[in-house]
Each structure stands twice: as structure tokens, then as C-alpha cells.
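# Tertiary structure, described
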Amino acid sequence: MNDKLLKQYGEMAVRAGVNIQPGQTLIINAPITASDLVHHCANAAYDAGAKEVVVHYSDEKLSRIKMERTSQETLCDIKPWIQASYLDYIKSEGRAAILSITGGDPEIYKDIDVKKVNAASLAKMNALSEYRDYTMASRIQWCVIAVPSEGWAKKVFPELSAEEAVEQLWQTIFKVSHVEGDAVQNWKIYAKQRAVRRDKINAMKLKELHFTSSNGTDLHVGLADDRVWGGVSEYNEQGVEFIPNMPTEELFTAPHKDRVNGVVYGTKPYVYNGSLIEDFVLKFKDGKVVDFDAKSGKELLAELLNTDEGSSRIGEVALVPASSPINKENVLFYETLFDENAACHIALGQGYPGTVEGGEKMTTNQLLEKGVNDSVVHEDVMVGSADMKVTGICENGETVLIFENGEWVF
């Protein structure tokens, strides 16, 4: 792995991703195997004037041991200090920015009781709900990037040795994340370019999308009232621009939680709580999943859909062309950060407040009135295909073609 590129990757995440501001604290969540990258990120943050860099390391192998050998009751007893360790910085003067580094083994919890894993995950999400509100509403700057782990790399490139697989995955991540050259400037240019199409789709004032594919997908997605399309960059409460996901290829908005009807087929496996869901199908009526199936992971999918009242409805719909640079790699990443940017997708669960006008300042009930779904989960599942057609209905009743054969028509 090229250390020069690794340094550029860290600078990209800090200066273009979270866009750290002078006097701010940067909190980094990272696996212990990513320490070299964390060091580059810390230096980049201090060079940009950061007040402090706070690092929370995780160890996925230890996490598996704990999941196997700790009682469910103890796993679900999430102590208040965990959320406080973020809020103490977020609520301080200057606010904090969050950089999360992902990339663990997609099947780290394989063969462990699904109900136990989901209960522990749900307990943690509930315990961190106030912290999650800051990121979901983009009240603070946040960004997610990835680093290869041996388990993840071998899943993506099973024909290679562990060392070769990790190196190959690094090179692929650098490529699709636009790290070559001036990575920070690459992303600033990229954000401006993608804003042009985002503005065009907002000007259409769409109220419904219709997805069809030869695999059987035939899904009508009504959109939330006063919906707004987003993509690439966002702005925090102080007006600071940041890029939440690196890489990113999507334009997304809020579906209306009660206006989704039809059937949709999954086109890529989905990793949920350390296990795989493959070849799934979802049938919707009046916004709710009323029937479902999966070739593998059906029990896991059932747990997801039954998490709470909103987990069987969708909170996001996103458009990604088949010509996405990530899709062109012809690699199944088994990592949502990448796979969601290789195909159109929907998200089961919570919607983003910023996907309706003024939503960042609305209460949960006000967002629900607009049609924005509420849930403790937000899980992106991929449904796009090379032959996908997407048409839209505008507020004035006009029908417009948006995607033909998996590609933008404008």
C-alpha cells in the first residue's frame, strides 16, 4: 500500500470530507488496523487548525468474542458515557466533526444468533439516538470512508492471497475515491459538477418515481411533501460544506412513508449486522412491506423489518447510474458505502430531515406530517440494474423520463 496515497486519502477525508474548521475538535472512529491512516488524518486536522483530535478505536475480532461470550442482557446495557463521549464535544463551542472509518469483515457475526446480534445493535442505536440526530440532520460535519480488513478483502477478492487481496482492495478504494493527484481539489470540483444535475432534478418538482426492470421490479414511490434532492455535499448548521460519504455517486430524496406501492427485487447482497441477505424481494402496499423473501438471510431480513414501526417503510430513495465508476469496477464490495454508490437503492427506516425544505429544524412529528419516515434504523438496500427505467410524475402532472437502461437521460 502506497503511503503517499494513504496520506492523500487522509487529507481528502479531513479537508474535503468533514472539512474541519479552525478551532474545531475532530472525533475519529476507526478500527485498530487503520492506525496509520488515523495518524495521517490527525496531522491533516491539526494542519488545518483543529483544536483537538479524539480517536475511538475498535477491534472487530474482540467484538466477535464479546458478541459470542457476553449475555444479551449485558450487551444491551449501553452505558450513558458512550453517548456522552460524543455529545460533550458536539455541544461545546465550535462543535465537533465526526470522521468514521469503516471496512470490517462483512460476515464478522456469521453463525451467531441473529436475535442476539440485532438486540445488541438496536440497544446501541437507541442509546445513541441523540448523537445520531446530529448526523442524520447534518447539524454537524460528518464523513465516512473505508479501509480494507483482511476478512473484507478476502470476501471481495477470494481468488487472491490475503496480502494480495488487501493490496488490491486498497488500490480499488483509492481509484473510486479520486485519491490520485490533488484529492482535495478533485472532490471540490466533483461536488460542483454533481450539483448541476441535483439542481436540475430539484427544478422538475417531482412528486412520484416509477421504477421498472426486467427482473420484475415494478415500484411506485410517492415522494414526501416539499421534498428536496441532495447529493455529494451538504451544509451543517453553521453553513460549513462537507461531504458525508466518500466515495459518493447518488442523488437522493425522501419518499412519502405511506405512498410506496409495488414490488422491488434486490440486485446486490446486503450486509446487515455482520451477516448477508441475498436475492431479496420486497412487496409494498401503502408504504409498508407486506410480503418479502430472500434466497439467504430471510430470518435476518425479518428481524430488520420488525425492528420498529418504521423499519418496514422506506426513508430514502436514491438514483445511481449503471455507469457509476464504482459499478464499472465490476466488484461486489459487500460494503454499503461502496455498493450503494454502484446502484439505485432504497433505505429501510429513517429518512433524512434535510430531504424536505426546512426539515433540519422540524420535530419528528412535523417530519412525519410531511411523509418523512421515522425509525431507529437506516439500512440501504440496492435495487438498481443495467436495464432499469425510472420515470417521474411532476407536480403539474407531466410525466418525464429520468433513467433509461440504467442511465440518466439528462
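Residues numbered from 1 in each chain as written. Predicted model: local features only at pLDDT ≥ 70, side-chain atom pairs only at ≥ 80, totals over all residues. Heavy atoms only, no water.

As a further point, take the overall build of the protein chain. Scanning the protein chain from N- to C-terminus turns up 14 helices and 19 strands. A compact globule built from 410 residues should have a C-alpha radius of gyration of about 22 Å, and the protein chain, at 20 Å, falls within 12% of that. Structurally, the protein chain occupies a C-alpha span of about 55 × 45 × 45 Å along its principal axes. Here the protein chain, with 410 residues, has 54% of them falling under the buried criterion. Taking the intrachain contacts of the protein chain between residues at least 6 apart in sequence as the baseline, contacts between residues at least 24 apart amount to 74%. When the accessible surface of the protein chain is summed, it comes to about 17600 Å², and 47% of that surface belongs to carbon and sulfur atoms. Of the charged side chains in the protein chain, 42 are positive and 61 negative, and the gap between their average positions amounts to 2 Å. (Helix = DSSP H or I, 4+ residues; strand = E, 2+ residues; numbered from the N terminus. Rg over C-alpha atoms; globule rule 2.2 N^0.38 Å. Buried < 20%, exposed > 50% of the residue type's maximum accessible area, 1.4 Å probe, protein only. Contact = heavy atoms within 4.5 Å. Areas by Shrake-Rupley, 256 points an atom, 1.4 Å probe, with all protein chains shown as cover. Lys, Arg positive; Asp, Glu negative; His and termini not counted. Charge placed at Lys NZ, Arg CZ, Asp CG, Glu CD.)

With parallel pairing, four strands are arranged side by side in an open sheet as β2-β1-β3-β4. At either end of the open sheet lies a strand with only one pairing partner, and these are β2 (52–58) and β4 (142–146). Recorded for the sheet is a direction-independent mean angle of 15° between the axes of neighbouring strands. Examined bridge by bridge, strand β1 (residues 25–31) and strand β3 (residues 96–102) share five bridges and lie parallel to one another. Residue pairing across strands places I28 opposite L99, the latter belonging to β3. Set on the sheet, helix α2 (residues 35–47) makes contact with β1, β2, β3 and β4; between it and β2 the angle comes to about 165°. Set on the sheet, helix α5 (residues 80–90) makes contact with β1, β2 and β3; between it and β1 the angle comes to about 155°. (Pairing = 2+ DSSP bridges. Axes fitted to C-alpha atoms, helices over the stretch in contact; angles between N-to-C directions.)

Judged from the seven bridges that link them, strand β12 (residues 275–285) and strand β13 (residues 288–296) form a sheet pairing that is antiparallel. When the sheet's bridge partners are listed, K285 is paired in β13 with K288. Connecting the antiparallel pair β12 and β13 is a turn made up of two residues, with D286 showing a positive phi of about 50°.

Applying the stated criterion across every chain, the model contains zero disulfides. The cysteine C41 is free of any disulfide, with C143 supplying the nearest cysteine sulfur at 9.1 Å. (Disulfide = S-S within 2.5 Å.)

If you trace the backbone, Q24 turns up in the loop between α1 (3–17) and β1. A polar contact is formed between the side chain of Q24 and the backbone nitrogen of Q21, at a distance of 2.9 Å. Within the structure, Q24 has its side chain in polar contact with the side chain of Q141 (distance 2.8 Å). Setting aside residues no more than four positions away along its own chain, Q24 makes contact with N19, A50, K51, E52, G94, R95, A96 and Q141. (Polar contact = N/O pair within 3.5 Å; in protein donor to acceptor, adjacent residues only side chain to side chain.)

With that settled, the discussion passes to the pattern of salt bridges. Taken as a whole and assessed by the stated rule, the structure comprises 16 salt bridges. Taking the shortest distance from any N to any O, the salt bridge between D225 and R259 comes out at 3.3 Å. Of this pair, D225 sits in the loop between β6 (218–223) and β7 (234–235) while R259 sits in strand β10 (residues 255–265), and the two are 34 residues apart along the sequence. Judged by its relative accessible area of 28%, D225 falls in the partly exposed class. Taking relative accessible area as the criterion, R259 reaches 40% and is therefore assigned partly exposed. In this structure, a network of salt bridges that share partners links the residues R95, R139 and E237. (Salt bridge = Lys/Arg side-chain N within 4 Å of Asp/Glu carboxyl O.)

Counted under the stated rule, the structure contains 11 aromatic pairs. Plain terms: the ring middles of Y9 and W170 are 6.3 Å apart, the flat faces sit at 85° to each other, and that makes the pair edge-to-face. Of the two residues, Y9 sits in helix α1 while W170 sits in helix α9 (residues 162–176), which places them 161 residues apart along the sequence. Here Y9 and W170 have matching classes, each one buried. Look at W408 and F410: their rings are 5.3 Å apart centre to centre, the planes differ by 70°, and that puts the pair in the edge-to-face class. What makes F410 partly exposed here is its relative accessible area of 24%. Stacked on the ring of Y134, the Lys or Arg R139 has its end atom at 4.1 Å from the ring centre. Above the face of the Y334 ring, K155 is positioned so that its terminal group lies 5.0 Å from the ring centre. (Phe/Tyr/Trp six-rings, centres within 6.5 Å; stacked < 30°, edge-to-face > 60°. Lys NZ or Arg CZ within 6 Å of the ring centre and 35° of its normal.)

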